[in-house]
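Topology and contacts: notes
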Amino acid sequence: LLSELFRGARASSALSRSLHPAALAAVCRLLGLPALFAGQAEVTYATAFSGVDLFGLVMELLFGLRWCDRFASEKRGALRRGLAAAWAHRGLSLSRVSSDACSAEAAAHAYVDLFFAGSPCDSYTRLNRLRSAAGIAAALSQLHTALAYVRAALPRVVIIENVADI
């Protein structure tokens with residue numbers, strides 16, 4: 001699907017921003033998600049700062065958990081369209097992919113069982129030679145604002161991802 005939406009380097013760049021399926025599987029096991037959702041007909045799922053989202057796919061392929069994608073957020077237009085196309089068969093439509101994880105619209109979505117947020121780390125990664133205290137504070141403020149959904153809807157499981165020490 002990525003090759004249909006993007007050409008060459010753009011497809012590679014989009015996929016490189018996603019988390020590796022083995023890492024996602026390790027998170028599922030560590031949190032005991034297969035047991036937590038065992039017997040549940042379907043896990044409702046949503047993401048913030050989505051990128052190329054593979055978490056639901058890992059839950060299904062490795063653990064047999066059926067899932068329904070309720071909503072997502074992604075600021076890049078091409079990735080928004082890609083998310084909607086990739087997960088349309090799981091209930092995600094373009095109208096449910098917000099361009100801003102910090103918007104009131106994003107905070108007002110209905111309850112989901114599992115909410116996954118991959119916070120933007122550009123401002124505080126060690127690879128960013130221009131990082132600053134102000135940039136770090138702004139990024140953390142953005143994440144705090146995006147978590148308004150969590151504070152309002154109280155999903156059963158919330159996972160906030162970031163790569164340690166990069």
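Residues numbered from 1 in each chain as written. Predicted model: local features only at pLDDT ≥ 70, side-chain atom pairs only at ≥ 80, totals over all residues. Heavy atoms only, no water.

Now for the overall build of the protein. Each helix and strand counted, the protein has nine helices and five strands in total. Element order for the protein, N to C, with α for helix and β for strand: α-α-α-α-β-α-β-α-β-α-β-α-α-β. Across the 166 residues that make up the protein, the buried fraction comes to 42%. In the protein, the proportion of contacts linking residues at least 24 apart, taken out of those at least 6 apart, comes to 71%. (Helix = DSSP H or I, 4+ residues; strand = E, 2+ residues; numbered from the N terminus. Buried < 20%, exposed > 50% of the residue type's maximum accessible area, 1.4 Å probe, protein only. Contact = heavy atoms within 4.5 Å.)

Looking now at the packing of aromatic side chains. One pair of aromatic rings is described through two measures. These are the centre distance and the angle between the planes. Scanning all chains against the criterion turns up seven aromatic pairs. Judged by centre distance (4.9 Å) and plane angle (25°), the rings of F55 and F116 are stacked. Here F116 lies in strand β4 (residues 114-118) and F55 lies in helix α5 (residues 55-63), a separation of 61 residues in the sequence. Here the two residues F55 and F116 agree in accessibility, since each one is buried. Joined through ring pairs, the aromatic side chains of Y45, F55, W67, W87 and F116 make up one cluster. (Phe/Tyr/Trp six-rings, centres within 6.5 Å; stacked < 30°, edge-to-face > 60°.)

L33, F37, Y45, F55, M59, L114 and I159 are the most contacted members of the largest nonpolar core, which has 25 residues in total. Those elements that place two or more of their residues in this core are α3 (21-31), β1 (43-48), α5, β2 (67-73), α6 (77-86), β4 and β5 (157-161). The contacts of F37, once residues within four sequence positions are left out, are V43, L65, D113, L114, R156 and V157. In terms of nonpolar packing, the next biggest core, distinct from the first, is built from 14 residues, A46, L143, L147 and A153 among them. (Core = buried A, V, L, I, M, F, W, Y, C linked by side-chain atoms within 4.5 Å.)

What follows concerns α5. Among the residues making up α5, those that are buried are F55, G56, V58 and M59. With its buried residues spanning 165° around the axis, α5 presents them on a single face. On its buried face, α5 sits against α3, α4 (33-36), β1, β2, β4 and β5. G64, located one to two residues past α5, shows a positive phi value of around 70°. (Arc of directions from axis to C-beta.)

Let us now look at the side chain of S98. By the element assignment, S98 lies in strand β3 (residues 97-98). In this structure, S98 is in contact with A72, S73, E74, R80, S103, E105 and A106, ignoring residues within four places of it in sequence.

Another point: the confidence of the model for the protein. Looking at the protein, pLDDT values average 82 and 80% of them are 70 or higher. Looking over the protein, one finds the lowest element-wise mean pLDDT in helix α1 (residues 2-5), namely 54, and the highest in helix α9 (residues 148-153), namely 94. (pLDDT = per-residue confidence, 0-100.)

For T47, the location among the structural elements is in strand β1. With sequence-adjacent residues up to four places away left out, T47 is seen in contact with D53, F71, A72, S73, F115 and F116.

Let's shift gears to the sheet that holds β4. Taken in spatial order, the five strands make up an open sheet running β3-β2-β1-β4-β5, and their pairing is parallel. At either end of the open sheet lies a strand with only one pairing partner, and these are β3 and β5. Relative to β2, β1 runs parallel, the two sharing four bridges. Looking across to β2, one finds that A46 is bridged to F71. (Pairing = 2+ DSSP bridges.)

Below, the discussion takes up the packing of α3 against α5. Contact pair α3 / α5: the axes reach a minimum separation of 9 Å and the direction vectors enclose 70°. The pairing of α3 with α5 is recorded here as roughly perpendicular in orientation. Along the contact surface, α3 presents P21, L24, A25, V27, C28 and R29, while α5 presents F55, V58, M59, L62 and F63. (Axes fitted to C-alpha atoms, helices over the stretch in contact; angles between N-to-C directions. Parallel < 35°, antiparallel > 145°, perpendicular 65-115°, else oblique.)

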